[in-house]
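Listed below, chain by chain, are the residues.
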Amino acid sequence: MDLVIDESSRQVRQFVCPCCDTHADRTWANIYDAGTALAVYYASCYHHNGVHEAWIDAILGTWGQNQFDDHITFGCRVGPVVDSPAPAATLVNGGAVAPDDPMFGRKLSREEGMSHPRLPEFWQLVDTILEHDELVRRHIYGTGPQDAE
């Protein structure tokens, strides 16, 4: 896969987290594979009790036809985990806080996602987001893509 985030589609919004009343950032954009639209992702960056974590939903399916019957939504949390000095990504229910919108298609539960044939594609999307989305990368790792060079 040759995944690229479409920077021209990127949106960023700040909001207040409903569970802890702190400011959070949400970014979303389209992702292409070799020039073909593959997914749309939403990444929400939180400061829950001083802990930096990101919750990512990715919608995979056919794009540009206003049909959503093949769309599926995976979700993960990226952040600290027990017994690890580095953050990790953990599969969660997809679209847990997403609006009831046909674009999200079938929101996969964690259990459904674990056995879904497109799970490897989702993890490649997450890797691309963590490496190339500057807002998410800085939030989780404290560095942007240019800092890694």
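Right above here is the structure, for reference.
In this report, the structure presented in the accompanying data block is examined. (Residues numbered from 1 in each chain as written. Predicted model: local features only at pLDDT ≥ 70, side-chain atom pairs only at ≥ 80, totals over all residues. Heavy atoms only, no water.)

### A closer look at the side chain of Asp 133
Then, number 1: Inspection of the secondary structure puts Asp 133 in the loop between α2 (119-132) and α3 (134-141).
Then, number 2: Accessibility expressed as a relative area gives 1% for Asp 133, which makes it buried.
Then, number 3: A polar side-chain atom of Asp 133 sits 2.5 Å from a polar atom in the side chain of Tyr 41.
Then, number 4: With residues up to four places along the chain from it excluded, the contact list for Asp 133 reads Ile 5, Arg 10, Thr 27, Tyr 41 and Thr 128. (Helix = DSSP H or I, 4+ residues; strand = E, 2+ residues; numbered from the N terminus. Buried < 20%, exposed > 50% of the residue type's maximum accessible area, 1.4 Å probe, protein only. Polar contact = N/O pair within 3.5 Å; in protein donor to acceptor, adjacent residues only side chain to side chain. Contact = heavy atoms within 4.5 Å.)

### Observations concerning the pairing of strand β3 (residues 36-48)
Then, number 1: Taken together, the 9 bridges between strand β2 (residues 23-33) and β3 define a ladder with antiparallel strand orientation. Residue pairing across strands places Ile 31 opposite Ala 39, the latter belonging to β3.
Then, number 2: Taking the residues that link successive antiparallel strands as the turn, the β3-strand β4 (residues 51-60) hairpin has 2 residues, and the phi of Asn 49 there is positive, at about 50 degrees. (Pairing = 2+ DSSP bridges.)

### A few points about the state of the cysteines
Then, number 1: Taken as a whole and assessed by the stated rule, the structure comprises 0 disulfides.
Then, number 2: The thiol of Cys 45 is unpaired, and the distance to the nearest cysteine sulfur, on Cys 76, comes to 11 Å. (Disulfide = S-S within 2.5 Å.)

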